[in-house]
Amino acid sequence: MNSADAEVKCDVLVIGSGIAGLSFALKAAKFGEIVVITKNALSDCATNLAQAGLAAVFSSEDSFNAHMQDTMTVGDGLCHAGIAEQIISSGPDRIQELASWGVQFSKNDKNDLDLGLEAGHSHRRIVHAKDITGAEVHRALRTAVLQNPQIQVHEQHIAINLNIHAGRCLGAYVLDKTQDFVKNISARVTVLATGGLGKSFLFTSNPDVASGDGIAMAYRAGATIMNMEFIQFHPTLLYHPYAKSFLISEALRGEGARLIDGEGNRFMSNYDSRLELAPRDCVARAIDSELKRTGVDHLYLDISFKDPKFVKKRFPGIYDKCLSLGINIAEEPIPIVPAAHYAIGGVRTTLSGVTNIPNLLAIGETACTGFHGANRLASNSLLEAAVMAHYGAKECSDILQKNRSVQSFSPWHAGDAVDSDESVVVSQNWMELRLLMSNYVGIVRSDKRLRRATKRIVLLQNEIDQYYWDFKITSDLIELRNLADVAQMIIDSALHRKESRGVHYTVDYPQKRQSAKDTLIRKSVMSDIIDLNEKNGTGSPKNK
Ligand code: SIN
């Protein structure tokens, strides 16, 4: 296989390189040839930034039942219990497996796993590697993937659209950014593992790559999308002009850190009797309310009253990062704001990642199994990703048995597209989108704000679509188009939910409805893909 080829064929195409994509690739490599594409470097993913860890039952005082209860309580009536049971009971095996791939988890004096605590957990069960768990997990996965001869990794490759023919997924059109050239990668199984969509908001803990690509592509291809209104905001992102998307882990609050205002006063007792260890949505809403009430632009998290030796040993990553910006967390409070952190919704799937489109799987944050319900319990997401990769690889083996040949599809046609003379419009549109999502679709919502957001997003989408059709495709344009699509889905889903539940809070319907329901959306007319396929049989979305 030559990376310069216009057509690449493989058994399995994995789009995305976080814990879901890479652990899936390692497992599926036993059954076929895998191509992993990732739009920047292999390490550019949310996993690499994850601080706290993976929730799993190891303590003798803990139980699967307790972990289930905590997950369901935080999930606010919308968790799918069967899925939760399977994920939680698979947790210890997945942790052992990660350790067997070389992940060095933190141990205590007795050489047992050192278990951390986070909000919403009734027991210590956060398996971690100091406060750089994601980086350690990703280091080990990267090493294993790069040594596996069955896996080819293509960095700087961004997927544009899935190719769907006769209702089945045949692969994807992919822009090779280094050669500025669109390839078709055909595969017997295509796996979306592109992570979340935090870049649709102004403040986010997500990396720059989190532009909802997998969800947007699946939607355009006709997949069912679930619960997009549930965007989890993390209460404590570092507030500093030079700290891009740096999280201050909830594990600090697990070790006693306090939220304070500029005068040093604690305020959580005005909002929730569980104080700083109330679930994330409650803490984020309390901070949002304090910010709005007082008009300040940030608040503080303080752990400086703890033994400095403990702070430096337990939180070396956060200590070093803050110190590099002139903040000594062992001596002074840390400036923070809430930020978009996790997309609870996504492509509707089974635990094995099965979507409603044959030969298309989605796993990790891109997928929505119903595990998290309406609000995600801290450190349940890396767990879900690892478990989905495990079951997804089994599913993939079954599909490969049935689907024996790779089917080609016609090459990408750029149509009349020309180089853009106004590429600055892309960054202006992106900023407008992030502002509108933060102002109208943030932590506290209302019908009026959501309707305003709808009007503006429609205008933006028209402008972006025009751009997509008229100008040569670029990575920024692909991401902007995806962000606009996911933003539209978030707004539509939020307007549809006439209640407050989990992380979706609206002043117009502050109560929960009696029956809990998932929100499902599917694009009925796939005008830019299927119609054109039918007309000219090329499968190329750029053909006019
Ligand atoms: C954190 O470290 O606070 C994030 C943990 C999570 O989102 O699960």
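Okay, so let's go over this structure. Throughout this document, residue positions are counted from 1 along each chain, in the order its sequence is written. Residues qualify for local features only when their pLDDT is at least 70, as the model is predicted, and side-chain atom pairs are given and counted only at 80 or more; totals for whole chains, interfaces and linings, by contrast, use all residues. Calculated side-chain values reflect all of the structure's heavy atoms, with hydrogen atoms and water omitted.

**Considerations on the pairing of strand E2 (residues 34-37)**
Reasoning step 1: Judged by which residues are buried, E2 turns out to be covered on both faces: Ile-34 and Val-36 on one side and Val-35 and Ile-37 on the other are all buried.
Reasoning step 2: Two strands qualify as a pair provided DSSP detects at least 2 bridges between them. Helix numbers and strand numbers start at the N terminus; a helix is a DSSP run of H or I with at least 4 residues, a strand a run of E with at least 2. Pairing of strand E1 (residues 7-15) with E2, which is carried by four bridges, proceeds in the parallel orientation. Counted as the bridge partner of Leu-13 is Val-35 from E2.
Reasoning step 3: By definition, the crossover connecting two strands over a helix is right-handed if that path, from the first strand to the second, turns clockwise as seen with the strands pointing away from the viewer. As for the winding sense of the linkage, the β-α-β connection from E1 through helix H1 (residues 19-28) to E2 is right-handed.
Reasoning step 4: Strand direction decides the pairing type here: E2 and strand E6 (residues 151-154), joined by four bridges, are parallel. Bridging from a neighbouring strand, Ile-37 pairs with His-154 of E6. Exposed residues in this analysis have more than 50% of their type's maximum accessible area, buried residues have under 20%, and partly exposed residues fall in between, with area computed by a 1.4 Å probe over protein chains only.

**So, unusual backbone geometry**
What is expected of a backbone is that most residues other than glycine have negative phi and most peptide bonds are trans.
Reasoning step 1: Of note in the backbone geometry, Lys-130 takes a positive phi value of approximately 45° without being a glycine.
Reasoning step 2: Given a relative accessible area of 45%, Lys-130 falls into the partly exposed group.
Reasoning step 3: Despite not being glycine, Ala-166 shows a phi value in the positive range, around 50°.
Reasoning step 4: Mapped onto the elements of the fold, Ala-166 is located in the loop between strand E7 (157-165) and strand E8 (168-176).
Reasoning step 5: Ala-166 sits in the exposed class, given a relative accessible area of 70%.

**Describing the packing of aromatic side chains**
How two aromatic rings sit relative to each other is set out by the distance from centre to centre and by the angle between their planes.
Reasoning step 1: Two rings from Phe, Tyr or Trp (for Trp, the six-membered ring) form a pair when their centres sit within 6.5 Å of each other. Planes less than 30 degrees apart are called stacked, planes more than 60 degrees apart edge-to-face, and all others tilted. Scanning the model with the defined rule gives eight aromatic pairs in all.
Reasoning step 2: Here Phe-201 and Phe-233 contribute two aromatic rings whose centre-to-centre distance is 5.4 Å and whose plane-to-plane angle is 85°, an arrangement assigned as edge-to-face. With a gap of 32 residues between them, Phe-201 in the loop between strand E9 (181-192) and helix H6 (213-220) and Phe-233 in strand E11 (residues 231-238) connect regions that are remote in the sequence.
Reasoning step 3: By the ring-pair criterion, three or more aromatic residues cluster together here, those being Tyr-173, Phe-409 and Trp-412.
Reasoning step 4: Over a ring means this: the NZ of a Lys or the CZ of an Arg is within 6 Å of the ring centre and within 35 degrees of the ring normal. Sitting above the plane of the Phe-310 ring, Lys-306 keeps its charged end 5.4 Å from the centroid.

**Some thoughts on a nonpolar patch on the surface**
Reasoning step 1: A cluster of nonpolar side chains, contributed by Leu-202, Phe-203, Met-431 and Leu-435, occupies part of the molecular surface with about 320 Å² of accessible area.
Reasoning step 2: When you line up the elements, Leu-435 lands in helix H12 (residues 424-440). Patches were defined on residues exceeding 30% relative accessible area and lacking a salt bridge, with like-charge contacts within 9 Å and nonpolar side-chain contacts (Val, Leu, Ile, Met, Phe, Trp, Tyr) within 5 Å. Methods summary: accessible areas were calculated by the Shrake-Rupley approach with a probe of 1.4 Å, and residue burial reflects only the protein chains presented. The rule for a salt bridge is simple: a side-chain nitrogen of Lys or Arg has to be within 4 Å of a carboxyl oxygen of Asp or Glu.

**A look at a positive patch on the surface**
Reasoning step 1: On the surface, Lys-448, Arg-451, Arg-452, Lys-455 and Arg-456 cluster together to form a positively charged patch.
Reasoning step 2: Looking at where Arg-456 falls in the secondary structure, it is placed in helix H13 (residues 447-470). Under the counting rule used here, the positive set is Lys and Arg, the negative set is Asp and Glu, and His together with the chain ends is not counted. A charge is said to be at NZ when it belongs to Lys, at CZ for Arg, at CG for Asp and at CD for Glu.

**A few points about the site of the ligand**
Reasoning step 1: For the ligand, the full set of nearby residues is Gln-51, Ala-52, Glu-118, His-234, Leu-247, Ser-249, Glu-250, Arg-280, His-341, Arg-376, Ala-378 and Ser-379.
Reasoning step 2: Nitrogen and oxygen atoms within 3.5 Å of one another constitute a polar contact, given that in protein one can donate a hydrogen and the other can accept it, and given that sequence-neighbouring residues count only through two side-chain atoms. Within the side chain of His-341, a nitrogen or oxygen atom sits 2.6 Å from an oxygen atom of the ligand.
Reasoning step 3: Within the side chain of Arg-376, a nitrogen or oxygen atom sits 2.7 Å from an oxygen atom of the ligand.
Reasoning step 4: If the ligand stood free it would expose 260 Å²; the protein chains cover 94% of that surface.
Reasoning step 5: Of the residues belonging to the shell around the ligand, the class tally is three nonpolar, five polar and four charged. We define proximity as follows: a residue is near a molecule or strand when any one of its heavy atoms falls within 4 Å of that partner. The residue classification treats Ala, Val, Leu, Ile, Met, Phe, Trp, Tyr, Cys and Pro as nonpolar and Asp, Glu, Lys and Arg as charged. All others, Gly included, are polar.

**Structural notes on helix H10 (residues 316-324)**
Helical periodicity: at 3.6 residues per turn, an α-helix aligns residues three or four positions apart in one direction.
Reasoning step 1: Residues of H10 that are buried: Pro-316, Ile-318, Tyr-319 and Cys-322. Here the buried residues of H10 occupy an arc of 165° about the axis, which is enough to place them on one side.
Reasoning step 2: Buried positions along H10 lie against E11, helix H7 (250-254), helix H9 (308-314) and strand E14 (334-343).
Reasoning step 3: Just past H10, the residue Gly-326 takes up positive phi, approximately 85°. The directions from the helix axis to the C-beta atoms form the arc being described. When checking whether two residues touch, look at their non-hydrogen atoms; a contact exists if any pair is within 4.5 Å.

**Re the sheet that holds strand E3 (residues 54-55)**
Reasoning step 1: One open sheet holds the three strands; their spatial order is E3-E5-E4, and the pairing between them is antiparallel. What marks the edges here is a single partner per strand, and that holds for E3 and strand E4 (115-116).
Reasoning step 2: Two strands pair when backbone bridges link them, and E3 and strand E5 (residues 126-127) are joined in this way by two bridges, in the antiparallel orientation. Note on E5: the bridge partner recorded for Leu-54 is Val-127.

**Observations concerning the environment of Ile-88**
Reasoning step 1: Locating Ile-88 in the fold gives a position in helix H4 (residues 81-100).
Reasoning step 2: A C-alpha to C-alpha distance of 9.7 Å links Ile-88 and Phe-371, two positions 283 residues apart in sequence.

**Section: the nonpolar core**
Reasoning step 1: Ranked by size, the top nonpolar core spans 115 residues in total, and within it Val-12, Leu-13, Phe-24, Ile-34, Phe-105 and Leu-162 carry the most contacts.
Reasoning step 2: Leu-13 has contacts with Val-35, Ile-37, Ala-172, Ile-185, Ala-187, Val-189, Thr-190 and Val-191, leaving out every residue within four places of it along the chain.
Reasoning step 3: Grouped together as the second largest cluster of nonpolar side chains are 30 residues, Ala-243, Ile-287, Leu-301 and Val-311 included. By nonpolar core we mean a set of buried residues, namely Ala, Val, Leu, Ile, Met, Phe, Trp, Tyr and Cys, connected to one another through side-chain atoms within 4.5 Å.

**Observations regarding helix H8 (residues 280-294)**
Reasoning step 1: Here H8 spans 21 Å end to end across 15 residues, near enough to the 21 Å set by a 1.5 Å rise per residue.
Reasoning step 2: Within the span of H8, buried status applies to Arg-280, Asp-281, Cys-282, Val-283, Ala-284, Ala-286, Ile-287, Asp-288, Glu-290 and Leu-291.
Reasoning step 3: Those residues of H8 that are buried are in contact with E11, H7, strand E12 (258-260), strand E13 (299-302) and E14. Given a helix with a known number of residues, its expected span is that number minus one, times 1.5 Å.

**A word on the side chain of Thr-349**
Reasoning step 1: Locating Thr-349 in the fold gives a position in the loop between strand E15 (346-348) and strand E16 (360-362).
Reasoning step 2: Given the relative accessible area of 9%, Thr-349 is considered buried.
Reasoning step 3: If near-sequence neighbours (up to four positions away) are discounted, Thr-349 is found in contact with Val-354, Thr-355, Ala-362, Ala-367, Cys-368, Thr-369 and Met-388.

**Comments concerning the side chain of Gln-51**
Reasoning step 1: Note that Gln-51 resides in the loop between helix H2 (46-49) and E3.
Reasoning step 2: Side-chain polar atoms of Gln-51 contact the backbone oxygen of Leu-247, separated by 2.7 Å.
Reasoning step 3: Aside from chain neighbours lying at most four places away, what touches Gln-51 is Lys-130, Asp-131, Ile-132, Thr-133, Phe-246, Leu-247, Ile-248, Ser-249 and Ile-318.

**Quick look at the sheet that holds E14**
Reasoning step 1: Here four strands make up an open sheet; going across it, the order is E11-E14-E13-E12 and the pairing antiparallel. Since the sheet does not close on itself, it has two edges, and those belong to E11 and E12, each with one partner. Shown here is a sheet whose adjacent strand axes are inclined to one another by a mean of 45°, direction ignored.
Reasoning step 2: Summarising the sheet, E11 and E14 pair through six bridges and their orientation is antiparallel. In this description, a line fitted to the C-alpha atoms serves as the axis of each element, helices being fitted only across the stretch in contact, and the angle between N-to-C directions of two axes falls anywhere from 0 to 180 degrees.

**Focus: the pattern of salt bridges**
Reasoning step 1: The tally for this structure, following the rule as stated, stands at 26 salt bridges.
Reasoning step 2: With a closest N to O distance of 3.0 Å, Arg-94 and Glu-97 form a salt bridge. On the criterion of helical spacing, the pair formed by Arg-94 and Glu-97 is a turn pair, its members being three residues apart in helix H4.
Reasoning step 3: As a salt-bridge pair, Glu-499 and Arg-501 come within 2.9 Å of each other at their nearest N and O atoms.
Reasoning step 4: Residue class for Arg-501 comes out buried when judged on its relative accessible area of 3%.
Reasoning step 5: Members of the salt-bridge network, linked through shared partners, are Glu-229, Arg-497, Glu-499 and Arg-501.

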